[in-house]
Amino acid sequence: AAKIIDGVAVAAKVRAGYRARVEGLKARGVVPGLAVVMVGENPASQVYVGNKVKACREVGLHSEVHSFPADTPQEEVLQAIQALNADPAIHGIIVQLPLPPHYNMRRLLEAIDLSKDVDGFHLYNVGGLVIGETVFPPCTPYGVQVLLEHAGIPIEGQNVVVVGASNIVGKPMALMLLAKEATVAICHVKTRELAQFTILADILVVAAGRPKLITAPMVKRGAVVIDVGINRLPDGRLVGDVDFDAVKEKASWITPVPGGVGPMTVTMLLGNTIAAAERQLERTLLQGSVAAGRTVID
Ligand code: NAD
């Protein structure tokens with residue numbers, strides 16, 4: 001049977017490292033700050049935002065939630081983002097998705113200052129991902145990458161199949177593993193004969209949002225199976241996209257749902273926010289020494 005990749009344990013370990021970095025920043029007078037912009041009253045979003053605020057508190061980050069009713073004019077939300085761009089107490093800004101239908105998501109995401117785009121959804125950061133020079137890796141695929149690293153799973157030269165091609169999970173996942181020189185295929189809802197692709201995977205990442213989409217015959221013996229899916233069954237149970245009980249008998253490593261990728265996503269958001277604060281501090285120090293006419297020696 002497969003070894004279980006314990007996302008709760010890895011997330012705890014990563015967060016311990018983050019706590020030390022936050023202490024380091026605090027010693028230099030900086031408290032990393034995350035701002036969440038939320039529009040409307042999507043119940044799932046409220047739960048996710050609550051988790052982000054709680055995680056910030058646990059690791060020592062400042063966080064603030066800017067909530068707007070669903071009928072707020074877009075200009076008002078844009079102004080709030082601009083104010084956060086200029087706020088030195090805020091190092092990371094995210095717009096909680098999905099937005100109510102009449103908002104222009106791209107306009108809001110493109111309004112975020114590049115140095116504070118901790119979800120990595122600004123087109124500049126998407127472009128960085130394409131050329132393998134990512135500043136802020138999108139949190140869910142970043143979490144998967146860190147899980148693979150912690151399990152000591154090599155990526156270079158491996159056959160990777162990503163099932164799901166969304167802009168927030170599937171596509172950035174594929175690009176990140178391509179940057180690590182895996183051979184990557186991306187499958188999606190229009191893919192014919194999905195199993196012909198999945199069976200080739202040394203590493204199979206599934207992010208489709210379909211319970212039991214991946215069954216044991218679709219998985220190569222010894223494959224690493226990463227299940228990003230989160231599905232609520234009619235009986236209330238939370239399951240992934242992989243038929244876990246059957247596939248774990250064939251895989252070498254597998255992530256459970258819950259307790260796999262889920263705990264990593266929020267963790268990586270903290271990581272991106274801390275990195276943003278560190279970079280902004282470096283920049284301030286640099287500007288300070290240039291302004292004082294001193295030579296900068298690093
Ligand atoms: P999405 O709906 O935006 O995209 C789903 C993708 O899967 C699409 O590209 C679609 O073509 C593909 N797909 C759908 N049905 C398919 C099928 N039968 N065969 C092959 N491909 C199929 O979803 P998303 O935002 O990318 O999220 C995917 C899943 O991951 C959802 O269950 C979501 O809840 C979960 N998710 C989890 C986390 C986490 O932190 N663990 C984060 C984000 C999303």
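From a predicted model like this one, the values you see are computed outputs, not experimental measurements. (Residues numbered from 1 in each chain as written. Predicted model: local features only at pLDDT ≥ 70, side-chain atom pairs only at ≥ 80, totals over all residues.)

Things to note about the UniProt feature "domain: Tetrahydrofolate dehydrogenase/cyclohydrolase catalytic" (unreviewed entry) in the chain
Then step 1. UniProt annotation of "domain: Tetrahydrofolate dehydrogenase/cyclohydrolase catalytic" (unreviewed entry) refers to residues 5–119 when read in the numbering used here.
Then step 2. For residues 5–119, the helix share is 50%, the strand share is 16%, and the end-to-end C-alpha distance is 24 Å. (UniProt positions renumbered as here; feature names shortened; annotations may be inferred. Helix = DSSP H or I, 4+ residues; strand = E, 2+ residues; numbered from the N terminus.)

A word on the UniProt feature "domain: Tetrahydrofolate dehydrogenase/cyclohydrolase NAD(P)-binding" (unreviewed entry) in the chain
Then step 1. Per the UniProt entry, the sites bearing "domain: Tetrahydrofolate dehydrogenase/cyclohydrolase NAD(P)-binding" (unreviewed entry) are residues 138–280 in this numbering.
Then step 2. Span residues 138–280 is 35% helix and 17% strand, its end C-alpha atoms 19 Å apart.

Overview of the domain arrangement of the chain
Then step 1. When its domains are assigned, the chain resolves into domain 1 (27–115) and domain 2 (139–254).
Then step 2. Here the C-alpha centroids of domain 1 and domain 2 sit 29 Å apart. (Domains from an automatic or database assignment.)

What to know about the site of the ligand
Then step 1. Taken together, 25 residues sit near the ligand, with S166, H188, V189, G209 and T265 positioned nearest.
Then step 2. A class-by-class count of the residues in the shell around the ligand yields 13 nonpolar, 11 polar and 1 charged. (Near = placed C-beta within 6 Å. Nonpolar A, V, L, I, M, F, W, Y, C, P; charged D, E, K, R; others polar.)

Regarding helix α2 (residues 43–59)
Then step 1. With 17 residues, α2 extends 25 Å between its outermost C-alpha atoms, agreeing within 8% with the 24 Å of an ideal straight helix rising 1.5 Å per residue.
Then step 2. Turning to α2, its buried residues number three or more, namely K52, A55, C56 and V59. Axial view of α2: buried residues confined to an arc of 100 degrees, hence all on one face. Exposed residues lying more than 90 degrees from the buried face of α2 are P43, V47, G50, K54 and R57.
Then step 3. Next to the buried residues of α2 lie α1 (7–27), β2 (33–39), β3 (62–68) and α10 (262–291).
Then step 4. Phi turns positive, to about 95 degrees, at G60, one or two residues after α2. (Expected span 1.5 Å × (residues − 1). Buried ≥ 20, exposed ≤ 12 C-beta atoms within 10 Å, placed from the backbone. Arc of directions from axis to C-beta. Contact = placed C-beta atoms within 7 Å.)

Focus: the pairing of strand β5 (residues 159–163)
It is a general feature of regular strands that their side chains alternate between the two faces of the sheet.
Then step 1. When you tally the buried positions in β5, you get 4 out of 5 residues, the bulk of the element.
Then step 2. Inspection of the sheet shows β5 paired to strand β6 (residues 183–187) by 5 bridges, in the parallel sense. Note that in β6 the partner of V163 across the bridge is C187.
Then step 3. As paired elements, β5 and strand β7 (residues 203–206) share 4 bridges and run parallel to each other. Bridging from a neighbouring strand, V162 pairs with V205 of β7. (Pairing = 2+ DSSP bridges.)

Things to note about the packing of α2 against α10
Then step 1. For the pair α2 and α10, interaxial distance at closest approach is 10 Å and the crossing angle is 55 degrees. In terms of their interaxial angle, α2 and α10 are classed as oblique. The crossing of α2 and α10 is right-handed. In this structure, α2 contributes N51, K52, A55, C56 and V59 to the contact, and α10 contributes V266, L269 and L270.
Then step 2. A breakdown of the residues in the contact of α2 with α10 according to their chemical character gives 6 nonpolar, 1 polar and 1 charged. (Axes fitted to C-alpha atoms, helices over the stretch in contact; angles between N-to-C directions. Parallel < 35°, antiparallel > 145°, perpendicular 65-115°, else oblique. Left-handed = near helix turned anticlockwise from the far one by under 90°.)

So, the nonpolar core
Then step 1. L204, V205, V206, V225 and I226 are the most contacted members of the largest nonpolar core, which totals 82 residues.
Then step 2. Looking at this core, you find at least three residues from each of domain 1 (27–115) and domain 2 (139–254).
Then step 3. Once you skip the residues sitting within four places of it in the chain, V205 turns out to touch V144, V160, V162, M173, I226 and V228. (Core = buried A, V, L, I, M, F, W, Y, C linked by C-beta atoms within 7 Å.)

Details of the sheet that holds strand β8 (residues 224–227)
Then step 1. Within the open sheet, the 6 strands sit side by side as β1-β11-β8-β7-β5-β6. Their pairing is parallel. Bordering the open sheet on either side are β1 (3–4) and β6, each of which pairs with just one other strand.
Then step 2. Sitting on the sheet, helix α7 (residues 170–179) touches β5, β6 and β7, and the angle it makes with β6 is about 170 degrees.

Observations concerning the packing of helix α6 (residues 139–150) against α7
For any two helices packed against each other, one specifies the crossing angle of their axes together with the interaxial distance.
Then step 1. Interaxial distance between α6 and α7 falls to 8 Å at its minimum, and their mutual angle equals 40 degrees. With respect to α7, the element α6 is oriented oblique. In terms of crossing hand, the pair formed by α6 and α7 is right-handed. The residues of α7 that touch α6, namely those facing P141, V144 and Q145, are P172, M173 and M176.

A short note on the environment of P73
Then step 1. Mapping P73 onto the fold places it in the loop between β3 and α3 (74–85).
Then step 2. Between the C-alpha atoms of P73 and Y103, which are 30 residues apart in sequence, the distance is 8.7 Å.

Describing the sheet that holds β3
Pairing between the strands of a sheet is mediated by backbone hydrogen bonds and can be parallel or antiparallel.
Then step 1. Read from one edge to the other, the open sheet built from 3 strands follows the order β3-β2-β4, with strand pairing classed as parallel. Every other strand in the sheet has two partners, leaving β3 and β4 (92–95) as the edge strands with one partner each. Pairs of neighbouring strands in the sheet enclose a mean axial angle of 15 degrees, with direction left out of account.
Then step 2. Note: β2 against β3, 7 bridges, orientation parallel.

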